[in-house]
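Architecture at a glance
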Amino acid sequence: MSIGIDKLAHMNTPALSDILLAHSAAEGTGVIAISDLPKLLNAGNLKMPDSDETIAEHYKQFCNRNLLDNWYFANSVNQKGQDEYSGGYGIDRWKSDGATVLNDGSVAFSSNFYQKVPVEEFKKRFLGKQLTLSALYTDGTLEFGTLTVPTQYPSSNQILFATPAGLAVALTTDGGPQIFRRQYTNKGVVAVKTEFGSYQTLAHKEGSKWVLNEIPDYATELAKCQRYFWRYKFIGEWSKTAFIQAFTATRLEGQFIAPVQMRILPTIKTNIGDDELIATKNANVDIPVKYKGVIAAAILIVICG
């Protein structure tokens, strides 16, 4: 399908209009295939009408939603607080088959790294969809490619590559689908993106340099990550963040309110004991604080004196 500039008077699409006018000036034709529009936008070399500004620069503020959590590795959410992880989950929402190392302005992975979503969520949102994956590296290069997810979830493991042996979506039968996967690279990673559609909007070119279209709000990314993992931190020796109610002279019950409602009922892990959340003090005597249960929005506790 193609469209002519003469049709623009009936369309409220200034970005499309500018692309067509720029293409016409460059190619001497007033007709362009609709399928070529994403390529022209990503090329970064077409100029705005009567301006030296490129189309990509002018419309850099318009970009698709990033379907990943904690995707900006220059300022990543890292609730566990370590600078290096030997394997498994490291920074929030990201898992690696090798080490994860946080550097100034990037993260380096010694093996494949990926982000998962629950399989039922994947089936509802991603089956049959076209996805574009992209990654910006510390050497200034941008890698991106497009793939199409099958309409049915496979019965055996399947890796769908967007770029040769690089960016991929992995459909697994045991560990859950990976909506972004990067096979091992020795490059530091600045930012990544998975988005719907056939072209990337992670970054645009300014001259010869790739520049991110947006920088995410850290608080928003933290809240999204806390739906999956929440680390409770004490401030000094004492903390006053639990809501407590007295039921008897020797029994208190209360709750620690989670900052966001978690995706599912969480599993509690402590550094004290299997059934002890914290230990507080009363007249210098340790009092065990047992956790009674959990809900998606809070941890329920019991204090017996």
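Structural notes, computed from the coordinates. Here the residue index of a chain counts from 1 through its sequence in written order. Since the coordinates come from a predicted model, pLDDT governs what is reported: local features require at least 70, and pairs of side-chain atoms require 80 or more to be given and counted, while whole-chain, interface and lining totals use all residues. Values shown for side chains rest on all heavy atoms present in the structure; no hydrogens or waters enter the calculation.

Considerations on the overall build of the protein chain
The cut-off we apply is this: Labels follow the DSSP assignment, with helices taken as runs of H or I lasting at least four residues and strands as runs of E lasting at least two, numbered in each case from the N terminus. The buried label goes to any residue with under 20% of its type's maximum accessible area, the exposed label to any with over 50%, and the partly exposed label to all in between, with areas taken from a 1.4 Å probe on protein chains only. Throughout, a contact is declared for two residues whenever any of their heavy atoms are within 4.5 Å. Each accessible area value is a Shrake-Rupley result obtained with a 1.4 Å probe; residue values ignore everything except the protein chains displayed when judging cover.
Check the secondary structure of the protein chain and you find 5 helices and 21 strands. For the protein chain, the residues scored as buried account for 43% of the 305 residues in total. Taking the intrachain contacts of the protein chain between residues at least 6 apart in sequence as the baseline, contacts between residues at least 24 apart amount to 54%. On the protein chain, roughly 16,400 Å² of surface is accessible, and the fraction owed to carbon and sulfur atoms is 51%.

What about the pairing of strand β7 (residues 106-109)?
Using the following cut-off: At least two bridges found by DSSP between two strands is the condition for calling them paired.
Where strand β6 (residues 100-103) meets β7, 4 bridges bridge the pair, whose relative direction is antiparallel. Each residue of the ladder has a partner; that of V101, found in β7, is A108. Taking the residues between adjacent antiparallel strands as the criterion, β6 and β7 are bridged by 2 residues, where G105 takes a positive phi near 90 degrees.

Examining the side chain of Q183
Here Q183 shows up in the loop between β13 (178-182) and β14 (189-196). Leave out the neighbours within four places in its chain, and Q183 touches N112, F161, A165 and G166.

Concerning the pairing of strand β11 (residues 158-161)
Sheet topology places β11 next to strand β12 (residues 167-171); 4 bridges connect them, and they run antiparallel. Note that in β12 the partner of I159 across the bridge is A170.

What about unusual backbone geometry?
Despite not being glycine, N70 shows a phi value in the positive range, around 55 degrees. Of note, N70 is situated in the loop between α3 (55-58) and β3 (84-85). Given the relative accessible area of 2%, N70 is considered buried. Even without being a glycine, A165 presents a positive backbone phi close to 55 degrees. By secondary structure assignment, the location of A165 is in the loop between β11 and β12. Owing to a relative accessible area of 56%, A165 belongs among the exposed residues under this scheme.

Considerations on the sheet that holds β13
Strands sit in the order β4-β5-β8-β13-β12-β11 across an open sheet of 6 strands; the sheet is antiparallel. Of all strands in the sheet, those bounded by a partner on one side alone are β4 (88-89) and β11. In terms of strand pairing, strand β8 (residues 113-116) meets β13 through 4 bridges, oriented antiparallel. Following the sheet pairing, F113 is matched in β13 by R182.

Let's talk about the side chain of T201
Convention followed: The term polar contact refers here to a pair of N or O atoms within 3.5 Å; inside protein, the definition further demands a hydrogen-donor-capable atom paired with an acceptor-capable atom, and it admits residues adjacent in sequence only when both atoms are side-chain atoms.
Mapped onto the elements of the fold, T201 is located in the loop between β14 and β15 (203-206). Note on T201: relative accessible area 6%, which makes it buried. Among the polar contacts made by the side chain of T201, one reaches the side chain of K193 at a distance of 2.9 Å. Those residues in contact with T201 that sit more than four places away from it in its chain are C63, N64, K193, E195 and N213.

Some words on the pattern of salt bridges
Rule in force here: Any carboxyl oxygen of Asp or Glu within 4 Å of a side-chain nitrogen of Lys or Arg constitutes a salt bridge here.
For the coordinates displayed, the defined rule picks out 8 salt bridges. Here R93 and D69 are joined by a salt bridge, their closest N and O atoms 3.0 Å apart. Here R93, found in the loop between β4 and β5 (95-96), pairs with D69, found in the loop between α3 and β3; they are 24 residues apart in sequence, far enough to count as distant. Here the two residues R93 and D69 agree in accessibility, since each one is buried. Ionic pairing is found between E121 and R125, a salt bridge with its closest N-O pair at 2.9 Å. Taken together, the residues span about one helical turn, with E121 and R125 both in helix α4 (residues 119-125) at a distance of 4 residues. Residue R125 is classed as partly exposed on the basis of its relative accessible area, which comes to 25%. Within the structure, one salt-bridge network assembled from shared partners comprises D69, R93, E221 and K224.

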